[in-house]
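Here is what each chain is made of, one letter per residue.
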Amino acid sequence: MRNAIRIVQISDLHLLGDPGSCTNGVDSAAVLERVVPLVNALAPDLVVATGDLTDDGTPAAYHRLRQLLAPLRAPLRACPGNHDDRQAFREAFGFVADAPLRQSLAVAGVRLVLLDSTVPGHSAGRLPEDDLAWLEAECAAHPDTCTCVFLHHQPLPIYVRWLDAVGLQHPDGLLQLLARHPQVRVVAHGHVHQPRRWRYGAQLVASVPALAYQISPLSQEPQITQDPPGFRCLEICGNEVRDCLYFLDGRVVPEPAWNATPIYIR
Ligand SMILES: [Fe+2]
Ligand SMILES: [Fe+2]
């Protein structure tokens, strides 16, 4: 796509502070060492990490994370997941103490918004009224600008019951906001450790594989699979969005076009 901006979304690294340690059998530090050159080769305009960057939320894990991500040539933005620790996250990514972990930035004419959907001490997510009001103001201020929203928790069910039980709670506020702002074309999330995809109104709502272990989309009980880690590359040109998945087994899988994506009907 000519003149497109390119965004790579990575998620759910679940890094531990202890070198050589694994989370559910996956050494995500080793995964990251393989992913960074692949991302650099794509020369994205921005890399967005959608939470669960660490598994244990320790300063040591964030220190390793910064070291492993340092060779990334593109700028990096991140939002937290339920496994992250807000204070350690703030220190790792240069946020002012007690500042909300929400961000809005423009990249080559596209607006990118990162939200903090975490609730300390809980696996499930929620967006407080204050954040929804902030997002409403951001969207109202840029009504004609193609916008992508990034957050950790899934706002739409993926029909894996135990994962949906810890998804974004009370998502109606967000979903109603999205209906008022069709310039939001993408809602990208993590948390589910598998690539899923819905068309909802004007939006593509999509998740990515984890950069740690993968979770079965077929089992209604927690089940780790041997599927490879991966990430998503989004290309946006005007209002047109194309995306594909890069897996660590070497596969590059173009995703269905927006109008060929299953429609989520509430
Ligand atoms: Fe996760
Ligand atoms: Fe999570």
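Structural notes, computed from the coordinates. Bear in mind that the values here come from a model prediction, so they are computed numbers and not experimental data.

Observations regarding the overall build of the protein chain
In step 1: Tallying secondary structure elements over the protein chain gives six helices and 14 strands in all.
In step 2: Relative to the globule expectation of 18 Å for 266 residues, the C-alpha radius of gyration of the protein chain, 17 Å, shows essentially globular dimensions.
In step 3: Overall, the protein chain is about 45 × 40 × 40 Å in size when its C-alpha atoms are taken along their principal axes.
In step 4: Within the protein chain, the proportion of its 266 residues that are buried is 42%.
In step 5: Of all intrachain contacts in the protein chain linking residues separated by at least 6 positions in sequence, the fraction that spans at least 24 positions is 68%.

A few points about the packing of helix α1 (residues 28-42) against helix α2 (residues 59-69)
If you want to describe how two helices pack, look at the angle between their axes and the distance between the axes.
In step 1: Relative orientation of the contacting elements α1 and α2 amounts to 25 degrees, with a least axis distance of 9 Å. If you check the angle between α1 and α2, you find them roughly parallel. Along this stretch, α1 crosses α2, giving a crossing that reads as right-handed. Packed against α1, whose contacting residues are Ala 29, Leu 32, Glu 33 and Val 36, the element α2 presents Arg 64, Leu 68 and Leu 69 at the interface.

Here we look at the environment of Tyr 246
In step 1: With respect to the secondary-structure elements, Tyr 246 resides in strand β13 (residues 240-247).
In step 2: Counting along the chain gives 38 residues from Tyr 246 to Val 208, while the straight-line C-alpha distance between them is 9.8 Å.
In step 3: Ignoring any residue separated from it by four or fewer positions in sequence, one finds Tyr 246 in contact with Leu 38, Gly 230, Phe 231, Cys 233 and Val 252.

What to know about α2
In step 1: Buried within α2 we find Ala 61, Tyr 62, Arg 64, Leu 65 and Leu 69. Axial view of α2: buried residues confined to an arc of 160 degrees, hence all on one face.
In step 2: Those residues of α2 that are buried lie in contact with α1, β3 (76-79) and α3 (86-93).

What about the pairing of strand β2 (residues 46-50)?
In step 1: The element β2 is largely enclosed, with a buried count of five among its five residues.
In step 2: Residue alternation in β2 divides its side chains into two sets, Leu 46, Val 48 and Thr 50 and Val 47 and Ala 49, and both sets are buried.
In step 3: The parallel pair strand β1 (residues 5-10) and β2 is bridged by α1, and the resulting crossover is right-handed.
In step 4: As paired strands, β2 and β3 are joined by four bridges and run parallel to one another. Looking at the pairing, Thr 50 lines up with Cys 79 of β3.
In step 5: Read from β2 through α2 to β3, the crossover connection turns out right-handed.

Conventions and cut-offs
- Residues numbered from 1 in each chain as written.
- Chains lettered and ligands numbered in written order.
- Predicted model: local features only at pLDDT ≥ 70, side-chain atom pairs only at ≥ 80, totals over all residues.
- Helix = DSSP H or I, 4+ residues; strand = E, 2+ residues; numbered from the N terminus.
- Rg over C-alpha atoms; globule rule 2.2 N^0.38 Å.
- Buried ≥ 20, exposed ≤ 12 C-beta atoms within 10 Å, placed from the backbone.
- Contact = placed C-beta atoms within 7 Å.
- Axes fitted to C-alpha atoms, helices over the stretch in contact; angles between N-to-C directions.
- Parallel < 35°, antiparallel > 145°, perpendicular 65-115°, else oblique.
- Left-handed = near helix turned anticlockwise from the far one by under 90°.
- Arc of directions from axis to C-beta.
- Right-handed = clockwise from strand over helix to strand, strands pointing away.
- Pairing = 2+ DSSP bridges.

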